[in-house]
Amino acid sequence: MSYLLYVAFFGAAVVIFLWLRDARIFFRTGLAGYRKAAYWGVLYGALGTFGVLCTLAGESIEIFGLAIILAALYLQGRMEREKIFTGKEPALDRALGSAKRSLPDKK
């Protein structure tokens, strides 16, 4: 097993983490840009998982699998999103998607 397999697992985990972060921000704010990013994040997560499977398949196509994961990360970063962070929040809150709620609580 090559060390590139660990890189592939980490890359796919980042793709899925970013998808879940976008979904969390959408559920808290209801902004259309994050809704679109969360919907497309499902596709990019599947693409990243496919890249891991290609990396697992054999040493001859490891680079192809990593290229797929890199493409998923690139495409996910190009989505248009509204600015919700002012820059005064801690980095951990921004990374976890802790946005202020703008939707009424459902009880």
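Residues numbered from 1 in each chain as written. Predicted model: local features only at pLDDT ≥ 70, side-chain atom pairs only at ≥ 80, totals over all residues. Heavy atoms only, no water.

**Digging into the overall build of the chain**
Counting secondary structure elements, the chain contains four helices and zero strands. Starting at the N terminus, the α and β elements of the chain follow one another as α-α-α-α. Dimensions of the chain, computed from the C-alpha atoms along their principal axes, are close to 50 × 25 × 25 Å. By the burial criterion, 35% of the 107 residues in the chain qualify as buried. Partitioning the intrachain contacts of the chain with sequence separation of at least 6 by distance along the chain shows that 73% fall at a separation of at least 24. Carbon and sulfur atoms provide 66% of the accessible area of the chain, an area that totals close to 7,300 Å². For the chain, the distance from the average site of its 14 positive side-chain charges to the average site of its 8 negative ones is 10 Å. (Helix = DSSP H or I, 4+ residues; strand = E, 2+ residues; numbered from the N terminus. Buried < 20%, exposed > 50% of the residue type's maximum accessible area, 1.4 Å probe, protein only. Contact = heavy atoms within 4.5 Å. Areas by Shrake-Rupley, 256 points an atom, 1.4 Å probe, with all protein chains shown as cover. Lys, Arg positive; Asp, Glu negative; His and termini not counted. Charge placed at Lys NZ, Arg CZ, Asp CG, Glu CD.)

**Quick notes on the environment of Gly41**
With respect to the helices and strands, Gly41 occurs in helix 2 (residues 32–57). Owing to a relative accessible area of 0%, Gly41 belongs among the buried residues under this scheme. Residues Gly41 and Arg21, 20 residues apart in the sequence, show an inter-C-alpha distance of 9.8 Å. When near neighbours in sequence (up to four residues on either side) are disregarded, Gly41 contacts Trp19 and Gln76.

**Topic: helix 3 (residues 62–77)**
In a regular helix each residue adds 1.5 Å, so 16 residues correspond to 22 Å; helix 3 covers 23 Å between its end C-alpha atoms and thus fits that length. Every buried residue belonging to helix 3 is among Glu62, Gly65, Leu66, Ile68, Ile69, Ala72 and Gln76, and all of these are buried. Burial along helix 3 is one-sided: seen end-on, the buried residues are contained in an arc of 155 degrees. Facing away from the buried side of helix 3, by more than 90 degrees, are the exposed residues Ile63, Leu70, Tyr74 and Gly77. Taken together, the buried residues of helix 3 touch helix 1 (4–29) and helix 2. (Expected span 1.5 Å × (residues − 1). Arc of directions from axis to C-beta.)

**Quick notes on the pattern of salt bridges**
In the structure shown here, the tally under the stated rule is two salt bridges. Taking the shortest distance from any N to any O, the salt bridge between Asp22 and Arg21 comes out at 3.9 Å. Each member of the pair Asp22 and Arg21 is classed as buried. Between Arg81 and Asp22 there is a salt bridge, with the nearest N and O atoms lying 3.0 Å from each other. In this pair, Arg81 sits in the loop between helix 3 and helix 4 (91–96) while Asp22 sits in helix 1, placing the two residues 59 residues apart along the sequence. (Salt bridge = Lys/Arg side-chain N within 4 Å of Asp/Glu carboxyl O.)

**Re the nonpolar core**
Here is a general trend for soluble globular proteins: nonpolar side chains tend to be buried in one another's company. With six residues, the main nonpolar core is built from Leu4, Ala8, Ala12, Val52, Leu66 and Ile69. The greatest single-element share of this core, amounting to three residues, is contributed by helix 1. Leaving out residues up to four positions away in the same chain, Ile69 has contacts with Ala8, Gly11, Ala12, Val15, Gly48, Gly51 and Val52. (Core = buried A, V, L, I, M, F, W, Y, C linked by side-chain atoms within 4.5 Å.)

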